[in-house]
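Summary of structural features
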Amino acid sequence: MTPPVTHYTGSHITFATMHGKEHLAREAFRHILGATVTAPPDLDTDQFGTFAGDIPRVLTPRDAARAKARLGMQIANTPYGLASEGSFSARLTPLVEQMEILLFIDDDLGLELIEGTLTTSPLPGGRTITTPLRASDFAHALGFPAQGVILQSAQDGQITAHKNFTHLDELQRTAEALLANGSTVTVLPDYRAHRSPSRADTIRTLCNHMAKRLATECPHCRTPGFGKVDVEHGLPCSHCGAATQVIAADLHGCGTCPHRARIPRRQTRADPTWCDYCNP
Ligand SMILES: [Zn+2]
Ligand SMILES: [Zn+2]
């Protein structure tokens, strides 16, 4: 199959990752755009913070993604960069909310585009354990070894992450040693893309959306990357017609000119449950 000719056909895009995310973008970017995605060698993205908490995250997800993309572009010496950033919060306990963003930079055109998603993670949050057997039981429940696990130990305010287990007995032995020296031990799902099939799927989906977006030109100035930039709330209540906080439309925008397009959602009326007048 001959890939279509797009603005990015034949270009090399660098995905700032040390966890194999370039493989998650490769197919969509080749088929939809005719572009090649590779990862820069010797990149350390852990400096921007880790899931395990041993290196704190100080930047917002968007700033962290931008910093990673720019570092990758600098190493690979390309004007095109990709980076993703995921964050997991246990706010809806016991459910874990997963926010994932994929950022694309084109320095030739001055573009910075974001595709994002907010979902409920299929993985539960961490669990503090008191016996080595509990560690292996919980790891098993998380889907280990296909889904990786991290042992996080805390002692005197010092957090250490133990990663890259491949066998249950190895995990159990480490948990045993940590518990024996008096550490508090928590078993966490390893969210790094190469150790988490469900997170890899989320990133692959965002890569697909980004590739389609980069194949979409602005109807006004022909710049690639025309797509969703915002949403419009205010869908009218089906009972009284008042505006609600329910999303009425997606707003699509251009990365360089002010052109916007309003794409109404399929639903035309909101359930009165969301209405401030009918259900205050
Ligand atoms: Zn109403
Ligand atoms: Zn435009």
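These notes cover the structure that comes with them. (Residues numbered from 1 in each chain as written. Chains lettered and ligands numbered in written order. Predicted model: local features only at pLDDT ≥ 70, side-chain atom pairs only at ≥ 80, totals over all residues. Heavy atoms only, no water.)

Focus: the coordination of the zinc ion (ligand 2)
Only C218 (SG), C221 (SG), C254 (SG) and C257 (SG) from the protein coordinate the zinc ion (ligand 2), and they sit 2.3 to 2.4 Å from it. Geometry at the zinc ion (ligand 2) is tetrahedral, judged from the four donor atoms that bind it and their angles of 105 to 115 degrees at the metal. As a motif over one chain, the donors of the zinc ion (ligand 2) read C-x2-C-x32-C-x2-C. There is no split in this pair, since C254 and C257 are both buried. (Donors = N, O, S within 2.8 Å, 3.2 Å for Na, K, Ca; no water. Tetrahedral: all angles 85-135°; square planar, octahedral: opposite > 155°, others 65-115°. Buried < 20%, exposed > 50% of the residue type's maximum accessible area, 1.4 Å probe, protein only.)

A closer look at the packing of helix α1 (residues 22-33) against helix α5 (residues 197-214)
For the pair α1 and α5, the least separation of the axes is 8 Å and the interaxial angle reads 20 degrees. As the angle between them shows, α1 and α5 are arranged roughly parallel. Seen along the crossing, α1 lies across α5 with a hand that is right-handed. Here α1 contributes L24, A25, A28, F29, I32 and L33 to the contact with α5, which in turn contributes A200, I203, R204, C207, N208, M210, A211, K212 and L214. Tallied by class, residues from the contact of α1 with α5 come to twelve nonpolar, one polar and two charged. (Axes fitted to C-alpha atoms, helices over the stretch in contact; angles between N-to-C directions. Helix = DSSP H or I, 4+ residues; strand = E, 2+ residues; numbered from the N terminus. Parallel < 35°, antiparallel > 145°, perpendicular 65-115°, else oblique. Left-handed = near helix turned anticlockwise from the far one by under 90°. Contact = heavy atoms within 4.5 Å. Nonpolar A, V, L, I, M, F, W, Y, C, P; charged D, E, K, R; others polar.)

With respect to the nonpolar core
Among the nonpolar cores identified, the biggest contains 25 residues, and F29, L82 and F104 are the most heavily contacted of them. Among the elements of the structure, β1 (12-15), α1, β3 (80-89), β4 (97-106), β5 (111-120) and α5 are those that each provide at least two residues to this core. The contact partners of F29, leaving out residues within four places of it in the chain, are I13, G34, A35, V37, L82, C207, M210, A211 and L214. Counting residues in hydrophobic clusters, the runner-up holds 17 residues, among them V96, L151, L171 and Y191. (Core = buried A, V, L, I, M, F, W, Y, C linked by side-chain atoms within 4.5 Å.)

Remarks on the environment of L102
Tracing the sequence through the fold places L102 in strand β4. By relative accessible area, L102 is classed as buried at 0%. Those residues within four positions of L102 in sequence are excluded, and the remaining contacts are F15, L82, A83, S84, L113, I114, E115, L206, C207 and M210.

Overview of the packing of helix α3 (residues 132-142) against helix α4 (residues 168-180)
Between α3 and α4, the least distance of the axes is 8 Å, while the angle of their chain directions is 140 degrees. Between α3 and α4, the angle is such that the two are oblique. In the packing of α3 onto α4, the handedness of the crossing is right-handed. The residues of α4 that touch α3, namely those facing P132, L133, A135, S136 and A139, are L168, L171, Q172, A175, E176 and L179. For the contact of α3 with α4, the per-class residue count stands at eight nonpolar, two polar and one charged.

Brief notes about the packing of aromatic side chains
Taken as a whole, this structure holds three aromatic pairs when the rule is applied. Between Y8 and F104, the aromatic rings sit 5.5 Å apart at their centres with planes inclined by 90 degrees, giving edge-to-face as the arrangement. Residue Y8 is found in the segment before β1, and its partner F104 is found in strand β4; the two are separated by 96 residues along the sequence. Considered together, Y8 and F104 belong to a single accessibility category, that of buried residues. Between F88 and Y191 the ring centres are 3.5 Å apart and the planes differ by 10 degrees, which places this aromatic pair in the stacked class. Taken together, the residues span a long stretch of sequence, with F88 in strand β3 and Y191 in the loop between β9 (184-189) and α5 at a distance of 103 residues. Here Y191 falls in the buried class, since its relative accessible area comes to 8%. (Phe/Tyr/Trp six-rings, centres within 6.5 Å; stacked < 30°, edge-to-face > 60°.)

Section: the sheet that holds strand β6 (residues 127-129)
Here four strands make up an open sheet; going across it, the order is β6-β9-β7-β8 and the pairing antiparallel. Only two strands of the sheet have a single partner each, and these edge strands are β6 and β8 (158-162). If you compare each strand with its neighbour and ignore which way they point, the axes differ by 30 degrees on average. The strands touched by α4 are β6, β7 (149-155), β8 and β9; relative to β7, the strand with the most contacts, the crossing angle is about 5 degrees. (Pairing = 2+ DSSP bridges.)

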